Amino acid sequence: MHDSTTITAAEALNLASQRLKTAGIEGPRRDTRLLLAAILPGGASALLREPDKALTQSEQQAFEAVVCRREKREPVSRIFGEREFWSLTFKITPDTLDPRADSETLIEGILAWAEDKAQPLRILDLGAGTGCLLLALLSELPNARGLGVDMSRQALAVAEENARNLGLGSRADFACHDWTSGLIGTWDIILSNPPYIAESEIADLAPEVADYDPLQALTGGPDGLRDYRILIPEAAVLLKDSGLLALEVGVGQAEAVEAMLLDAGLGLPWRRCDLSGVERCCFAVKAKK
Ligand SMILES: C[S@@+](CC[C@H](N)C(=O)[O-])C[C@H]1O[C@@H](n2cnc3c(N)ncnc32)[C@H](O)[C@@H]1O
């Protein structure tokens, strides 16, 4: 028997799940389980083992606080302050984009191109955010070094912390630049997941995105292609001969971006689809002179 103020884990799960459903959240039960498991000292296994155990007052309060945040459509990853990407854990903050699983397509495409993984490749990541793309690549390419640039100093501080936490700090540098302006050098691989959502589409995004991802990580001007127009010709100049330019693109943008790659003098373009079958990435190579 419990007194009227106590509640079991299973009851808390049911009530919170109903609240998240009412708030319009897809998969409310999954999210509720994640939130409750994070609060219980024994984690998810305690929830499975002892669903009828009463929550303590402090567990109830902590759970109420995170359920309120999720009810306001804050993503679970932002509540936890971290996101798994490429099986690595990345800190995220309000200054960084929450990395998307779709972006792993870019990593897969680059790794498929880089046949010899032991090469001392130089990699440039334009718009590094959390550093997830650059650091995922460095985790797979043991002799590569990389530079991640972003116009947000706050995001760069997060990327630096992620590099240290992942033991990749000695091979990753981060610097504040407006795309490539002021950069000196050449790179074997240049990659970017630039902001690519058309301004008119921002209002239609799910609250999890529109209210929590930084606007400068999302909006790509009136047609979403503004930043490709800037960075493709710039990147083409900074690529080494036979180097690779790898870009994530939004739904329906691959054809236009591929045309820009060709206009910039790059060749052998190809595309790669994400797991939903959307053309998610464009690649092109700089021909040897
Ligand atoms: C879509 S987010 C990608 C972040 C990260 N690479 C990822 O895939 O999760 C785009 C990033 O580009 C940065 N950015 C936007 N405009 C920029 C500019 N003019 N120069 C450099 N970085 C810029 C944003 O701050 C943001 O971190």
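For the structure, check the block above.
The rules behind each value
Residues numbered from 1 in each chain as written. Predicted model: local features only at pLDDT ≥ 70, side-chain atom pairs only at ≥ 80, totals over all residues. Heavy atoms only, no water. Near = heavy atom within 4 Å. Polar contact = N/O pair within 3.5 Å; in protein donor to acceptor, adjacent residues only side chain to side chain. Areas by Shrake-Rupley, 256 points an atom, 1.4 Å probe, with all protein chains shown as cover. Core = buried A, V, L, I, M, F, W, Y, C linked by side-chain atoms within 4.5 Å. Buried < 20%, exposed > 50% of the residue type's maximum accessible area, 1.4 Å probe, protein only. Helix = DSSP H or I, 4+ residues; strand = E, 2+ residues; numbered from the N terminus. Contact = heavy atoms within 4.5 Å. Axes fitted to C-alpha atoms, helices over the stretch in contact; angles between N-to-C directions. Left-handed = near helix turned anticlockwise from the far one by under 90°. Nonpolar A, V, L, I, M, F, W, Y, C, P; charged D, E, K, R; others polar.

## Observations concerning the site of the ligand
Around the ligand, the surrounding shell holds 17 residues, and the nearest of these are G127, D150, D178, W179 and N193. A distance of 3.3 Å separates a nitrogen atom of the ligand from a polar atom in the backbone of A128. D150 is positioned such that a nitrogen or oxygen atom in its side chain is 2.6 Å from an oxygen atom of the ligand. Protein coverage of the free-state accessible area of the ligand, which is 590 Å², stands at 96%.

## A word on the nonpolar core
Burial of nonpolar side chains together is a common tendency in soluble globular proteins. Membership of the largest hydrophobic core comes to 34 residues, with the highest contact counts inside it found for I110, I123, F174 and L191. Sorting the residues of this core by element identifies β2 (88–91), α6 (104–113), α7 (132–140), α8 (153–165), β5 (172–176), β6 (187–192), β7 (239–248) and β9 (279–285) as the ones contributing at least two each. Per element, the largest residue contribution to this core is seven residues, and it comes from α7. Ignoring anything within four residues of it in the chain, the contact list for L191 reads L106, I110, I123, L124, D125, L126, L133, L137 and A246. Ranked by size, the runner-up nonpolar core spans 32 residues in total, among them V149, L231, V257 and C282.

## Describing the packing of α6 against α7
Interhelical geometry of α6 versus α7 gives an angle of 40° and a closest axis separation of 10 Å. Like other packed secondary-structure pairs, α6 and α7 cross with a definite hand, here right-handed. Each of L106, I107, I110 and L111 in α6 lies in contact with α7, whose residues at this interface are L133, A136, L137 and E140. Here the residues of the contact of α6 with α7 sort into seven nonpolar, no polar and one charged.

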